[in-house]
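Here is how the chains run, residue by residue.
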Amino acid sequence: MKKYLLNKYTICFFCIAFLLTLLYISINYTKIDLFNNFRLYAAKQEESSTSTKEEATGEEMVELLARLINGEARGEPYEGQVAVGAVILNRVKSPKFPNTIPGVIYQEGQFSCIKDGQFNVPIDENSTVYKAAQEAMNGADPTNGALYFYNPSKTSSKWLFSLETTTTIGKHRFALGE
C-alpha cells in the first residue's frame, strides 16, 4: 500500500511541477517578439565588434530603425522622425552607448516603445518611417548631434530636463549628453 501512495504522490508532484513551469513560462515569455534574434545579434556584436560600418547597413537595420521610429515618433512631423533615427545613429557612434543599431535599440530601459510593445505595432503602408530611417542612415541629422530625445509632457526626469537642448521638433526635444 505504501508503494502505491508513494507513486501516486510522486506523480502528483511532477504534474504540479510541470503546471507551475508552464505558468512561469506563460507569464514571463508572452512578449517574445519577432525581433528577439536581433537582441541576440546585438549582444554578440557588442562583445566582439568595435566597428559599426557593417552592422549599420542593410535592410534589417533600416527595418529596426523604422520600427523604433514608428514606436517613438509615429504621428510626429517627418523631420522629427528623421531626428529620432539620427539620435539612434549618433548613439552608435558615441562611446557612451553600444556600437550597433540593435545594441542601442535594445539597451535596457532606453526606449519606451520596446517596453510597452509599440515597437511591434505594424507599420502603416502610408507611413514615412521607412523613408525617415533611410534618410537618417544616409547621414541626415536635424538634431545637431543629439544623443537623447524626450517628450516633455510625458517625462518627469529632472536629468533629461537638465540636458542642453539642441532643437525641438514636433513634441520632442533633442538634447546633447553631459
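Coordinates for the structure precede this section.
Residues numbered from 1 in each chain as written. Predicted model: local features only at pLDDT ≥ 70, side-chain atom pairs only at ≥ 80, totals over all residues. Heavy atoms only, no water.

1. Concerning the environment of S153
At step 1: The topology assignment puts S153 in the loop between strand 1 (148–150) and helix 8 (158–162).
At step 2: Expressed as a C-alpha distance, the spacing of S153 and K171, which sit 18 residues apart in the sequence, is 8.3 Å.
At step 3: A polar side-chain atom of S153 sits 2.7 Å from a polar atom in the side chain of N151. (Helix = DSSP H or I, 4+ residues; strand = E, 2+ residues; numbered from the N terminus. Polar contact = N/O pair within 3.5 Å; in protein donor to acceptor, adjacent residues only side chain to side chain.)

2. Thoughts on the side chain of H172
At step 1: Along the chain, the position of H172 falls in strand 3 (residues 172–175).
At step 2: The residues contacting H172, other than those within four sequence positions of it, are E72, A73, E76, V84, F149, Y150, N151 and T167. (Contact = heavy atoms within 4.5 Å.)

3. So, helix 7 (residues 129–137)
At step 1: Of all the positions in helix 7, only V129, A132, A133, A136 and M137 are classed as buried. Looking straight down helix 7, one finds its buried side chains confined to an arc of 135°; they lie on one side.
At step 2: As for helix 7, its buried residues are in contact with helix 3 (59–73), helix 4 (78–93) and helix 5 (101–105).
At step 3: Positive backbone phi, approximately 110°, marks G139, located one or two places after helix 7. (Buried < 20%, exposed > 50% of the residue type's maximum accessible area, 1.4 Å probe, protein only. Arc of directions from axis to C-beta.)

4. Some points on the sheet that holds strand 2 (residues 165–169)
At step 1: Strand order in the open sheet formed by three strands is 1-3-2, with antiparallel pairing between adjacent strands. If you trace the sheet from one side to the other, it starts and ends with strand 1 and strand 2, each paired once. On average, adjacent strands in this sheet sit at an angle of 20° to one another, irrespective of strand direction.
At step 2: By the bridge criterion, four bridges tie strand 2 to strand 3 in an arrangement that is antiparallel. Across the sheet, T165 pairs through a bridge with A175, a residue of strand 3.
At step 3: In this fold helix 4 packs onto strand 1, strand 2 and strand 3, with an angle of close to 30° to the strand it touches most, strand 3. (Pairing = 2+ DSSP bridges. Axes fitted to C-alpha atoms, helices over the stretch in contact; angles between N-to-C directions.)

5. Considerations on the pattern of salt bridges
At step 1: Counted according to the given criterion, the structure contains one salt bridge.
At step 2: For E63, the salt bridge identified is with R67, shortest N-O distance 3.0 Å. With E63 and R67 both in helix 3 and four residues apart, the pair spans about one turn of that helix.
At step 3: A residue is classified by how much of its surface remains accessible, and R67, at 12% relative accessible area, is buried. (Salt bridge = Lys/Arg side-chain N within 4 Å of Asp/Glu carboxyl O.)

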